[in-house]
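Chains, contacts and geometry: an overview
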Amino acid sequence: DEEWPRWYAAYAVDHGIGELLGRDVTTDKLAEFLADRYAQFEQTNLKPSEGWAAYMARRIAAEL
């Protein structure tokens, strides 16, 4: 589903991701971030040893 980043971002924002990160996060910004990092994840031959969810959570905490 091509709309998953927006859906997931809206869910995360509605359920307090900004509070967890200690800063404001908008649905648009998070959706763009998710789509971009997922594309990077898919394009690399060096897949992380951790699962996708853990990989994405680590990237969100470090970069967003």
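A brief look at the structure comes next. Here the structure is a predicted model, which is why all the values come from computation and not from measurement.

1. Points about the nonpolar core
One finds Ala9, Ala12, Ile17, Leu21, Val25, Leu30, Ala31, Phe33, Leu34, Met56, Ile60 and Leu64 forming the largest nonpolar core, which totals twelve residues. A per-element tally of this core places helix 3 (residues 27-43) first, with four residues. Setting aside its immediate chain neighbours within four residues, Ile60 contacts Ile17, Leu21, Arg23, Leu30, Phe33 and Leu34.

2. Brief notes about helix 3
Taking 1.5 Å of rise per residue, the 17 residues of helix 3 would be expected to cover 24 Å, and the 24 Å separating its terminal C-alpha atoms lies within 8% of that figure. Among all positions in helix 3, only Thr27, Leu30, Ala31, Phe33, Leu34, Arg37 and Phe41 are buried. Projected onto a plane normal to the axis of helix 3, the buried residues spread over an arc of 160° and lie on a single side. Structural note: helix 3 exposes Glu32 and Gln43 on the side pointing more than 90 degrees away from its buried face. In this structure, the buried side of helix 3 is in contact with helix 1 (4-14), helix 2 (17-21) and helix 4 (52-63).

Rules behind the numbers
Residues numbered from 1 in each chain as written. Predicted model: local features only at pLDDT ≥ 70, side-chain atom pairs only at ≥ 80, totals over all residues. Heavy atoms only, no water. Core = buried A, V, L, I, M, F, W, Y, C linked by side-chain atoms within 4.5 Å. Buried < 20%, exposed > 50% of the residue type's maximum accessible area, 1.4 Å probe, protein only. Helix = DSSP H or I, 4+ residues; strand = E, 2+ residues; numbered from the N terminus. Contact = heavy atoms within 4.5 Å. Expected span 1.5 Å × (residues − 1). Arc of directions from axis to C-beta.

Read these as layout, nothing more, since geometry by itself doesn't imply function.
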